[in-house]
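# A look at the structure
Here is how the chains run, residue by residue.
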Amino acid sequence: YFAAVRHGVFCELGQGVVDFPTILRRLEARAYAGWLLVEQDVLPGLGTPKESARRNREYLRSIGA
């Protein structure tokens, strides 16, 4: 866990290696109409949980989610 934290594994959405826009496009191409869940751990340096949630939601909106 601590090694993962040091390597930035638990970053906010859009800051890591997950290609969320491609995932959304592929789901849309398959007419997926279910729920999606995104979990975010808030680590020291990311601010409050509310601030982190706001930034994550802004990112999701920016990619059409």
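Before reading on, note that the structure itself is shown above.
Residues numbered from 1 in each chain as written. Predicted model: local features only at pLDDT ≥ 70, side-chain atom pairs only at ≥ 80, totals over all residues. Heavy atoms only, no water.

## Focus on the overall build of the protein chain
Counting its secondary structure elements, the protein chain contains 3 helices and 0 strands. The principal-axis extent of the C-alpha atoms belonging to the protein chain is close to 40 × 25 × 15 Å. Looking at the protein chain alone, contacts between residues at least 24 apart form 60% of all its contacts between residues at least 6 apart. For the protein chain, the exposed area adds up to about 5300 Å²; of that, 59% sits on carbon and sulfur atoms. Charge centroids of the protein chain, computed over 9 positive and 7 negative side chains, lie 3 Å from each other. (Helix = DSSP H or I, 4+ residues; strand = E, 2+ residues; numbered from the N terminus. Contact = heavy atoms within 4.5 Å. Areas by Shrake-Rupley, 256 points an atom, 1.4 Å probe, with all protein chains shown as cover. Lys, Arg positive; Asp, Glu negative; His and termini not counted. Charge placed at Lys NZ, Arg CZ, Asp CG, Glu CD.)

## Some details on the pattern of salt bridges
For the structure on display, the rule yields 2 salt bridges. When the shortest N-O distance is used, the salt bridge between E58 and R54 registers 3.2 Å. Taken together, the positions of E58 and R54, both in helix α3 (residues 49-62) and 4 residues apart, correspond to about one turn of that helix. Residue class for R54 comes out partly exposed when judged on its relative accessible area of 43%. (Salt bridge = Lys/Arg side-chain N within 4 Å of Asp/Glu carboxyl O. Buried < 20%, exposed > 50% of the residue type's maximum accessible area, 1.4 Å probe, protein only.)

## Description of a nonpolar patch on the surface
Where nonpolar side chains cluster on the molecular surface, the patch consists of V17, V18 and I23 and spans about 310 Å² of accessible area. Inspection of the secondary structure puts I23 in helix α2 (residues 20-29). (Patch = residues over 30% accessible without salt bridge, like charges linked within 9 Å, V, L, I, M, F, W, Y side chains within 5 Å.)

## A closer look at the environment of P21
By the element assignment, P21 lies in helix α2. The class for P21 is partly exposed, based on a relative accessible area of 26%. Taking the C-alpha atoms as reference points, P21 and P49, 28 residues apart in sequence, are found 24 Å from one another. Here P21 is in contact with Y59 and I63, once residues within four sequence places are set aside.

Purely geometric numbers; function is a separate question.
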